[in-house]
Structure formats: C-alpha cells, structure tokens
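Chain by chain, the residues run as shown.
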Amino acid sequence: MNKKAGPVILIAVTVLAGVKGLYDLTRSGKRIRNDIKQYNERSKTYQFKQQSYNSNREAAQKRFDDLGTTRLNALETLGKAAKFLMRAKVKERELFEKLEVTPQQLAKWELASIQAIDLVTIITKSSMSGITSASAAYSLVGTLGTASTGTAISTLSGAAANNATLAWLGGGTIAMGGGGMSLGSIVLNSIVVGPALLASSFFVGRKAEEIATAVAQEVAKMDIAESEINRQLKILETILQRVDELFKSTVDVDKILTDLLAEADPENLEDAYNVAKLAKSLGVLLDTAILDKNGNFIEETP
Amino acid sequence: MSSNTQQNIIKVAQNANEIAQSLNALGVIVDFVEYLKVQQVEQTKRDAIAAKRDTLVKAIESERELIENYFDKRFAERKYGLENLFDLLKSALESQDTKTVDLALAGILGILQDSPLKDLEKFRIWFHDPNREDIEL
C-alpha cells in the first residue's frame with residue numbers, strides 16, 4: 001500500500017468540501033446582503049408613505065380649524081339675526097307661529113358663541129383621535145444589518161485549534177523519508193479547514209434562511225401597514241369631503257343671511273320670516289357635528 | 001507485508017479516532033441535515049407570511065375601494081343637489097318667494113343632516129356580490 005495514498009485521498013476530499021463550503025458561504029453571504037438591502041429599500045418607501053400620511057393629517061387638521069373659524073364667524077351673524085328679530089315688529093305668538101322661532105331660541109342664539117367655541121374644540125379633538133388610530137408606526141427591526149455575518153465569519157477561525165498534529169499525515173517522519181510534523185501540521189490544517197468551511201456554510205446558510213424569514217416578516221408588516229395607511233387616507237379624504245360640504249354651505253348661508261340683514265326691514269314681515277328661516281338653518285348647520293368623540297363618522301344626525 | 005507498512009497501519013489505527021474528531025464528519029452531516037430542516041421550516045414560514053400578507057392586503061384594499069366607490073358617488077350627488085338648492089334659494093329670496101325659500105332651505109338641511117354613511121351597508125353587500133349589477137343609491 002502506498003503510504004501516501006491515505007493523506008492524498010483525505011486532502012482531496014477536504015479540498016472538495018472546502019470548495020463547496022466556500023461556494024455556499026459566498027452564496028449565503030450574498031443572499032443575506034440582498035435581504036438586508038431589500039429590507040432597507042422597503043423601509044425607505046414605507047417611511048416616505050408614513051411622512052405623506054402625517055402631512056395629510058396635518059392638512060386635514062388645518063381644514064377642521066378653518067371650519068371652526070367659519071363657524072365662529074357664522075355665530076356672529078346668528079347673533080345679529082337674533083337682534084334683528086327682537087327688533088322686528090312681530091308679536092311673540094307670531095314669532096313662534098309664523099317664524100317658528102321661540103324667544104328662548106333667540107336668547108340661545110345670542111349665547112351660542114360659547115357653545116360654538118366648545119363645538120369647535122370637540123371637533124378638533126375628535127378629528128385627531130379618529131385619524132391617529134392608524135398612525136402607529138411599525139417598530140422596525142434595526143438589528144438586521146449587524147446580524148449573523150460576523151458570527152459566521154468568526155466560526156471560520158480557530159476551528160482546528162484543538163486538533164492534534166498527526167505526523168503520519170506528513171507521509172511519515174523525516175527520518176523515514178516523509179514530510180514530518182511540519183508538513184503534517186499543514187496537511188492537518190488543510191483537512192480541517194475544508195470540512196470547517198463546509199460546516200460553516202451550513203451555519204451561515206441557516207442564518208441566511210432565518211434572516212430571509214425575518215425580512216419577509218418585516219416587509220409583510222410594512223406591506224400591510226401601507227395598505228392600511230392608504231385606507232386611512234381614503235377615510236381622511238372622505239371626512240374632509242364632509243368638512244368641505246359643511247364649510248361651503250355654512251359660508252353660503254352665512255353670506256346670504258349677512259346680505260339679507262344688510263337690507264332687511266324689521267317691520268317687513270317677509271324679511272323677518274326669511275331672516276328667521278335662514279338663521280334657524282344656520283343654527284342647524286352650526287350644530288351639525290361630523291365626528292363623534294371617538295373620531296368616527298356620525299351615522300345618525302339627531 | 002513489510003514492517004514499514006505494518007507500522008503505518010498501526011499508526012493509522014492509533015490516530016483514526018483523532019482524525020475522525022478533527023474532521024467531525026458526523027457533525028458535518030448533522031449540520032447539513034439541520035440546515036436542510038431549517039431551510040424547509042423557514043420556507044414554510046415565509047410562505048405562511050406571504051399568504052397572510054396577501055389576504056390582509058387584499059381585504060384592506062377591497063375596503064378602501066369600497067369606501068372610494070361609495071363616498072365618491074355619494075358626495076358627488078350631494079354636491080350636485082346642494083348647488084341646485086342654493087341657486088333656488090338665492091332666486092327665491094330675490095323674488096320674495098317665502099314658500100320656495102322654505103323648500104330650498106329644507107332641501108339643503110335635508111342633505112347636510114343626512115349622514116353620508118347612510119346606505120353604506122347596502123352598498124357593501126352589493127359591492128361584494130360577485131354577480132352585482134349597477135344599483136341606484
């Protein structure tokens with residue numbers, strides 16, 4: 001038997017294992033890098049979406065504020081209408097029967113400014129609580145960038161540290177015509193590094209699989225969250241459509257009533273009638289809430 | 001068999017255990033099997049994640065579409081009605097037609113006090129019906 005055949009076969013096997021291990025290690029490393037890159041890119045687009053959502057919420061808040069200001073202005077007109085009707089030459093009975101307004105209601109309109117301020121406050125608070133429900137940002141895993149690869153690399157070193165040097169691997173002692181302990185050490189290192197590379201490739205491969213799953217999980221969360229943001233943006237848009245129709249109607253009725261008050265004669269029953277009707281309508285508009293305390297659309301208007 | 005060969009065989013036998021430990025061939029195989037297991041388990045997890053994600057995204061997207069379809073139509077109708085009623089109100093005030101003023105104001109308040117959510121459930125059922133036909137809201 002050729003005394004060098006054993007080591008040669010072993011070296012060949014270990015070299016093959018090493019090549020396979022290196023190939024798999026490289027492939028796994030590349031996969032991890034790609035996964036991390038995918039995660040980072042998805043995070044960026046998700047953050048952009050979040051920023052867009054926050055901007056939309058701020059803009060919506062501004063529109064609510066505008067409606068509040070408009071309502072306060074309209075309240076002033078309502079107070080003027082109340083004063084006009086108090087001056088109108090109509091008997092108290094006629095006031096109620098013909099104009100469908102009670103003296104108590106007139107007094108209420110005069111005092112309504114305080115209620116309107118409260119109303120605006122409630123609406124502002126409600127809009128906030130409704131919209132913020134979907135704004136919880138995902139706590140993104142920030143550790144992926146540092147995970148795994150270092151560990152994998154560290155497992156590559158020192159794998160052979162505890163192995164004994166086998167002189168026969170050197171083909172026998174120098175005295176016997178072999179390579180001796182020194183050559184044996186080199187050979188030993190070679191045959192250990194090969195399988196170690198292979199084993200490490202399995203370890204890194206496992207880690208790559210786990211990272212791929214973690215990335216898939218986080219990306220899926222962002223996909224779902226982004227869909228939810230899109231849905232919330234649509235709800236927000238709907239709420240604002242409601243705000244806009246109330247805003248525009250309030251402005252229109254307020255302007256019509258203001259114009260009428262500028263020309264109306266308190267002694268003219270038709271003028272008084274129209275002022276009363278418009279003032280009542282404006283009062284109803286000012287009392288119309290959009291959202292409940294929880295920020296939900298009000299389904300039934302009382 | 002020469003004495004050198006015999007000595008070598010003895011040495012090989014003596015060192016076989018140490019060589020086996022160095023190579024840890026069994027360990028490598030165990031690692032490989034473990035890797036295959038992990039690969040399969042993680043792939044199953046990823047498939048489940050993707051399936052769940054797809055289901056949820058589809059449901060949310062469907063709800064968003066429903067909201068969009070329903071409210072866009074609803075508000076367009078309301079806007080059209082309000083514009084006409086305000087025109088009617090202005091002309092009625094100019095002509096001192098108190099009855100029409102009444103009617104126009106009642107119409108305006110009717111629209112504004114009518115919740116835009118009305119009929120949403122009806123629309124939702126229609127929207128999710130695979131055999132749906134156009135309906136008037």
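Residues numbered from 1 in each chain as written. Chains lettered and ligands numbered in written order. Predicted model: local features only at pLDDT ≥ 70, side-chain atom pairs only at ≥ 80, totals over all residues. Heavy atoms only, no water.

Caption draft 1: Molecular detail of the overall build of chain B. A tally of helices and strands in chain B yields four helices and zero strands. When the elements of chain B are put in sequence order from the N terminus, they spell out α-α-α-α. Looking at chain B as a whole, 34% of its 137 residues are labelled buried. A separation of at least 24 residues holds for 65% of the contacts in chain B among residues at least 6 apart in sequence. As presented, chain B carries roughly 8600 Å² of accessible surface, and 55% of it is formed by carbon and sulfur atoms. (Helix = DSSP H or I, 4+ residues; strand = E, 2+ residues; numbered from the N terminus. Buried < 20%, exposed > 50% of the residue type's maximum accessible area, 1.4 Å probe, protein only. Contact = heavy atoms within 4.5 Å. Areas by Shrake-Rupley, 256 points an atom, 1.4 Å probe, with all protein chains shown as cover.)

Caption draft 2: Expanded view of the overall build of chain A. Helix and strand counts for chain A come out as six helices and zero strands. Secondary structure elements in chain A, listed N-terminal to C-terminal, are α-α-α-α-α-α. Intrachain contacts of chain A at a sequence separation of at least 6 include 82% that bridge at least 24 residues. Accessible area of chain A: about 15200 Å², with a carbon and sulfur share of 57%.

Caption draft 3: Focus on the nonpolar core. Leu85, Trp109, Leu257, Val275, Leu278 and Ile290 of chain A together with Leu89 of chain B are the most contacted members of the largest nonpolar core, which totals 50 residues. Looking at this core, the elements that each hand over two or more residues are helix H1 (5–87), helix H3 (103–131), helix H5 (180–263) and helix H6 (269–286) of chain A together with helix H2 (25–94) and helix H3 (98–113) of chain B. With residues up to four places along the chain from it excluded, the contact list for Leu257 of chain A reads Thr77, Ala81, Val275, Leu278, Ala279 and Leu282 of chain A. With 16 residues, the next largest nonpolar core counts Leu25, Ile32, Val219 and Met222 of chain A among its residues. (Core = buried A, V, L, I, M, F, W, Y, C linked by side-chain atoms within 4.5 Å.)

Caption draft 4: Local environment of the packing of H6 of chain A against H3 of chain B. Close contact between H6 of chain A and H3 of chain B brings their axes to 11 Å; oriented N to C, the two are set at 0°. When the axes of H6 of chain A and H3 of chain B are compared, the pair comes out roughly parallel. On H3 of chain B, the residues that touch Glu270, Tyr273, Asn274, Lys277, Leu278, Ser281, Val284 and Leu285 of chain A of H6 of chain A are Thr98, Val101, Asp102, Leu105, Leu109, Leu112 and Gln113 of chain B. Looking at the contact of H6 of chain A with H3 of chain B, its residues break down into eight nonpolar, four polar and three charged. (Axes fitted to C-alpha atoms, helices over the stretch in contact; angles between N-to-C directions. Parallel < 35°, antiparallel > 145°, perpendicular 65-115°, else oblique. Nonpolar A, V, L, I, M, F, W, Y, C, P; charged D, E, K, R; others polar.)

Caption draft 5: Spotlight on the side chain of Glu42 of chain B. Turning to its location among the elements, Glu42 of chain B is positioned in helix H2. Residue Glu42 of chain B is classed as buried on the basis of its relative accessible area, which comes to 6%. In contact with Glu42 of chain B, not counting residues within four places along its chain, are Glu209, Glu210 and Thr213 of chain A.

Caption draft 6: Broad picture of the packing of aromatic side chains. By the definition in use, this model includes four aromatic pairs over all chains. For the ring pair Phe202 of chain A and Phe32 of chain B, a centre distance of 5.1 Å and an interplane angle of 50° mean the geometry is tilted. With Phe202 of chain A in helix H5 and Phe32 of chain B in helix H2, this residue pair bridges two chains. In this structure Phe202 of chain A comes out as buried when scored by relative accessible area, which is 5%. Ring centres of Phe202 of chain A and Tyr35 of chain B lie 5.9 Å apart, and the angle between their planes is 20°; on these two criteria the pair is classed as stacked. Here Phe202 of chain A is found in helix H5, whereas its partner Tyr35 of chain B is found in helix H2 on a different chain. By the burial criterion, Phe202 of chain A is buried, and Tyr35 of chain B matches it. (Phe/Tyr/Trp six-rings, centres within 6.5 Å; stacked < 30°, edge-to-face > 60°.)

Caption draft 7: Layout of unusual backbone geometry. All names here are of chain B. Even without glycine at this site, Gln96 takes up a positive phi of about 55°. Here Gln96 is to be found in the loop between H2 and H3. Classification of Gln96 as partly exposed rests on a relative accessible area of 31%.

Caption draft 8: Structural view of H3 of chain B. Residues and elements named next belong to chain B. For H3, which comprises 16 residues, the first-to-last C-alpha distance of 22 Å matches the rise-based estimate of 22 Å (1.5 Å per residue) to within 8%. Where H3 is concerned, the buried positions are Thr100, Val101, Ala104, Leu105, Ile108, Leu109, Ile111 and Leu112. Projected down its long axis, H3 shows its buried positions confined to an angular sector of 165°, all on one face. Opposite the buried face of H3, by more than 90 degrees, sit the exposed residues Lys99 and Leu103. (Expected span 1.5 Å × (residues − 1). Arc of directions from axis to C-beta.)

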